[in-house]
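# Tertiary structure, described
Single-letter residue listing:
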Amino acid sequence: MVRKLGSIREIAVVSMASRVRKLANGLLRFGGRAGNEAIACWPDKRRVCYPGRMIGPAGNRAAALSPRDPLAVLREVFGYPAFRGAQAEIVEHLLTRGDALVLMPTGGGKSLCYQVPALCLDGLTMVVSPLIALMQDQVAALAQLGVPAAALHSGLDRDAQRAVERDLATGRLRLLYVAPERVTAPGFLDRVAAAAPVLFAIDEAHCVAQWGHDFRPDYLQLAVLRQRFPGVPLVALTATADGPTRREIVARLGLGAGRVFVQGFDRPNIRYTVVEKLQPRQQLARFLAGRPATESGIVYCMSRARVEETADWLRRQGRDALPYHAGLDREVRSANQERFLRDEGVVMVATIAFGMGIDKPDVRFVAHLDLPKSIEAYYQETGRAGRDGLPAEAWLAYGLEDVARLRGLLARSEAPDHQRRTEWQKLEALLGFCETASCRRRVLLGHFGEELAEPCGNCDACLDPPATFDGTEAAQQALSAIYRTGQRFGVGHLVDVLLGVDSERVRSLGHDRLGVFGVGRAHGRDAWRGFFRQLVAMGLAEVDTEGHGGLLLSDGCRDVLRGERRVVLCRPRGRRATKGASRAVADAGLDPQAEARFEALRALRVELARAQGVPPYVVFHDTTLRAIAAAAPRKSADLARLPGIGAAKLARYGAAVLAALAEKAR
Ligand code: ADP
Ligand code: ZN
């Protein structure tokens, strides 16, 4: 039924929905005169639009007013019972046509912030996204929910592109994902305007920040959206933005009049562990040994060569490991990425070239074999683990050679002074994180200006606190060894001297005749290596970046050598470390029978995903599978109540899931 209405006020009366009243008021405020004719299309109560000037090619705010309730959309379409964190507030804000900048940690649920309004409003929501893989994933996931969505990007062939453009023109699409460069393509925005845009979302918005690590020049052009469509709300979303970056996003995208929503940085489901790097591969192998082969994860290495070696080695150990770095052919890279997304149990060994926009929710661990560049980089890289909220692990092996390498890079850098100073501070902050004897999450969050009231209980420092001791004497011995041997030798040799190793080299250098020869037998080799690293991190010694990694004394060491300053050192940890610990948490709540159901459901999921050529998590997330396995529903109505089961998924998979459960119960 289509009714002609006389005035804005009448719409409010007809609808009786407070939201519409609110929106109608807002319309008067925003748009001034709205013309004197309006059409409301019932009966689905979704379309309320205004012909004439207001719905012209500019596609302004008046184009879509909708009484559809966001919570109903969340429940019916997405199958989730409630909004999380700031989601409800953000959705409400966008529906009342406010602009917003949303800062939420990875896995916080940013996509729902614009997908729910997109389905409440009647018209097109355009999402700008920097990566094709990310767009494809989102479109596939939306298709599973029965939502008409598509992506336009350079990876499409001509026919596919035409099909999307046709859907755009006929108004069939609710969400359109595009790459940033598309926005400035000739004529494109005219087509968007004709499709009555109701919302713009800019994902990974930190890409607009010129000094940021992910800067994408095309993002600068997005300012055109605010200028050309002043009436359409715009939301920018990101997981990483410090103060200056935030301000840059607001300024460049023209969000000055909007609201900023900040959700804390904490990722409570990620367990942080830092180990001293001794034999990195063996340590990695031990770390992996505690994890089932179905788990996927990422191993970050500093160089391409190390990526290749490590991937080869892991494959020889029987892991399904693939390499990823910028030196590989484009096809190999995308094939490997595809495997990682689609199959279970792939370990991606990669340089930092891998990962931006990787939206895989069930990455269970991120391991670093080399020190990342900064805490920000570490936070972002480890943030790719556990987006689904289930327990995940961030594991980092770090040693003196990392410190030497990074400090050396800085020393040789030709960047301007102020930039070098900043980078220096960033490195120091990272070392502080690695060396801390107290809660790591506190240090991490503190770096982002967030305070954690209690130690987290989910990092190695909380779970297995390192033993500290008055290490003044050990520090004096170590510093003397550096001094007496002429500030030319690396840790290996210094430890030989302290332990009194009677080797050819030690003798030929005459170091067996030094007073420090053999004075350090109270501690083992690993302990000494750790002490030297801690002394460097404390600034009492430094790595000679000009020489061959020999250690030098720093100014601060005098007070220690004179006995005027005490030094607290950490003893090396045992090898027990955190192996398997977080698995225990992951499995909590599933008894053996439920665990068996979970495995059966997982097999079903793989089958369903293969048949459609989509990643398994697009069919069901692990969280959903776990909920089903725990509840073991017998009836479709019970299944429908579980989180992650919306109407479309129930219709599509309900029968298969119930059949698999029944089969298991027999
Ligand atoms: P982000 O983009 O912020 O990293 P996503 O939008 O990918 O996060 O969401 C992370 C995960 O949380 C997804 O599995 C998503 O389905 C889930 N999720 C988001 N919001 C909710 C909610 N309100 N209730 C239940 N699950 C949610
Ligand atoms: Zn902690």
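A brief look at the structure comes next. Within each chain, residue numbers correspond to sequence positions counted from 1 in written order. All chains are assigned letters beginning with A, and all ligands numbers beginning with 1, in the order in which they are written. For this predicted model, a pLDDT threshold of at least 70 governs which residues receive local features, and a threshold of 80 or more governs which side-chain atom pairs are given and counted, while totals over whole chains, interfaces and linings are taken from all residues. The side-chain figures draw on all heavy atoms in the structure; neither hydrogens nor water molecules are used.

### Here's the deal with the coordination of the zinc ion (ligand 2)
- Donor atoms (N, O, S) are those found within 2.8 Å of the metal centre, with the cutoff raised to 3.2 Å for Na, K and Ca; water is not part of the atom list, so apparent gaps in a site can occur. With distances of 2.3 to 2.4 Å, the protein atoms coordinating the zinc ion (ligand 2) are Cys439 (SG), Cys456 (SG), Cys459 (SG) and Cys462 (SG).
- A four-donor site is classed as tetrahedral when every donor-metal-donor angle falls between 85 and 135 degrees; four donors are called square planar, and six octahedral, when trans pairs exceed 155 degrees and all remaining angles lie between 65 and 115, with any other arrangement labelled irregular. With four donor atoms in place around the zinc ion (ligand 2) and angles of 101 to 119° between them, the coordination shape is tetrahedral.

### Re the site of ligand 1
- Around ligand 1, a shell composed of 15 residues is seen, among which Tyr80, Gly107, Ser111, Arg387 and His621 lie nearest.
- Polar contact is the term for a pair of N or O atoms within 3.5 Å; when the atoms are in protein, one must be able to donate a hydrogen and the other to accept it, and sequence-neighboring residues count only if both atoms are side-chain atoms. Residue Tyr80 places a side-chain N or O atom 2.6 Å away from an oxygen atom belonging to ligand 1.
- Here Gln87 contributes a side-chain N or O atom positioned 2.9 Å from a nitrogen atom of ligand 1.
- When ligand 1 is considered free in solution it has 560 Å² of accessible area, and contact with the protein chains removes 86% of it.
- Numbering of helices and strands runs from the N terminus; a helix is a DSSP stretch of H or I covering at least four residues, while a strand is a stretch of E covering at least two. Considering each element in turn, the shell around ligand 1 owes the most residues, three residues, to helix 5 (residues 110–120).
- Gly counts as polar in this scheme, as do all residues outside two lists: the nonpolar Ala, Val, Leu, Ile, Met, Phe, Trp, Tyr, Cys and Pro, and the charged Asp, Glu, Lys and Arg. When its residues are assigned to classes, the shell around ligand 1 shows five nonpolar, seven polar and three charged. Residues are counted as near a molecule or strand when any one of their heavy atoms sits within 4 Å of it. Surface accessibility follows the Shrake-Rupley procedure with a 1.4 Å probe radius. Residue values consider only the protein chains on display as shielding.

### Considering the sheet that holds strand 11 (residues 270–276)
- At least two DSSP bridges between two strands are needed for those strands to be called paired. One open sheet holds the six strands; their spatial order is 11-16-15-12-14-13, and the pairing between them is parallel. Only two strands of the sheet have a single partner each, and these edge strands are strand 11 and strand 13 (320–324). Ignoring strand direction, the axes of neighbouring strands in this sheet form an average angle of 15°.
- When strand 12 (residues 296–300) meets strand 15 (residues 363–368), the two strands line up parallel, connected through five bridges. By the bridge assignment, Ser296 is partnered in strand 15 with Val363.
- Contacts are assigned to residue pairs with any non-hydrogen atoms lying within 4.5 Å of each other. Here the axes come from fitting lines to C-alpha atoms, over the contacting stretch only for helices, and the angles between their N-to-C directions go from 0 to 180 degrees. Running at roughly 140° to strand 13, helix 15 (residues 330–342) makes contact with strand 12, strand 13, strand 14 (346–350) and strand 15 of the sheet.

### Concerning the pairing of strand 8 (residues 197–202)
- Among the six residues of strand 8, six are classified as buried, and the element is accordingly described as predominantly covered.
- Alignment of strand 5 (residues 124–128) against strand 8, held across five bridges, turns out to be parallel. Within strand 8, the residue paired with Met126 across the bridge is Phe200.
- Bridging between strand 8 and strand 9 (residues 234–238) involves three bridges; their strand directions are parallel. Looking at strand 9, one finds that Ile202 is bridged to Ala236. Burial classes: relative accessible area under 20% of the type maximum marks a residue as buried, over 50% as exposed, and values in between as partly exposed (1.4 Å probe, protein chains only).

### Overview of the pattern of salt bridges
- Salt bridges are identified by distance alone: a Lys or Arg side-chain nitrogen within 4 Å of an Asp or Glu carboxyl oxygen. On inspection of all chains with the given rule, the structure shows 40 salt bridges.
- With a closest N to O distance of 2.7 Å, Arg533 and Glu435 form a salt bridge. Here Arg533 is found in helix 24 (residues 525–537), whereas its partner Glu435 is found in helix 18 (residues 417–435), with 98 residues between them in sequence.
- Across the pair Asp460 and Arg440 runs a salt bridge, and its minimum N-O distance is 2.6 Å. One end of the pair, Asp460, is in helix 20 (residues 460–463); the other, Arg440, is in helix 19 (residues 440–447), and 20 residues separate them in sequence.
- With a relative accessible area of 2%, Asp460 lands in the buried category.
- On the basis of relative accessibility, which here comes to 2%, the residue Arg440 falls in the buried class.
- Through salt bridges with shared partners, a single network forms among Lys277, Arg306, Asp370, Asp402 and Arg405.

### Quick word on the sheet that holds strand 7 (residues 175–178)
- Sheet architecture is open: seven strands sit in the order 6-7-5-8-9-4-10, paired in parallel fashion. Edge positions in the sheet fall to strand 6 (149–152) and strand 10 (259–262), since each has one partner strand and no second. With strand direction ignored, the average angle separating the axes of adjacent strands in the sheet is 20°.
- Examined bridge by bridge, strand 4 (residues 100–103) and strand 10 share four bridges and lie parallel to one another.

### What about the side chain of Arg597?
- Note that Arg597 resides in helix 27 (residues 592–612).
- When charges are counted, neither His nor the chain ends are considered; positive counts come from Lys and Arg and negative counts from Asp and Glu. Comment: no salt bridge for buried Arg597; closest opposite-charge side chain is Asp591, at 4.6 Å.
- If we ignore the near neighbours within four places in the chain, the residues touching Arg597 are Ala629, Ala630, Ala632, Leu661 and Lys664.

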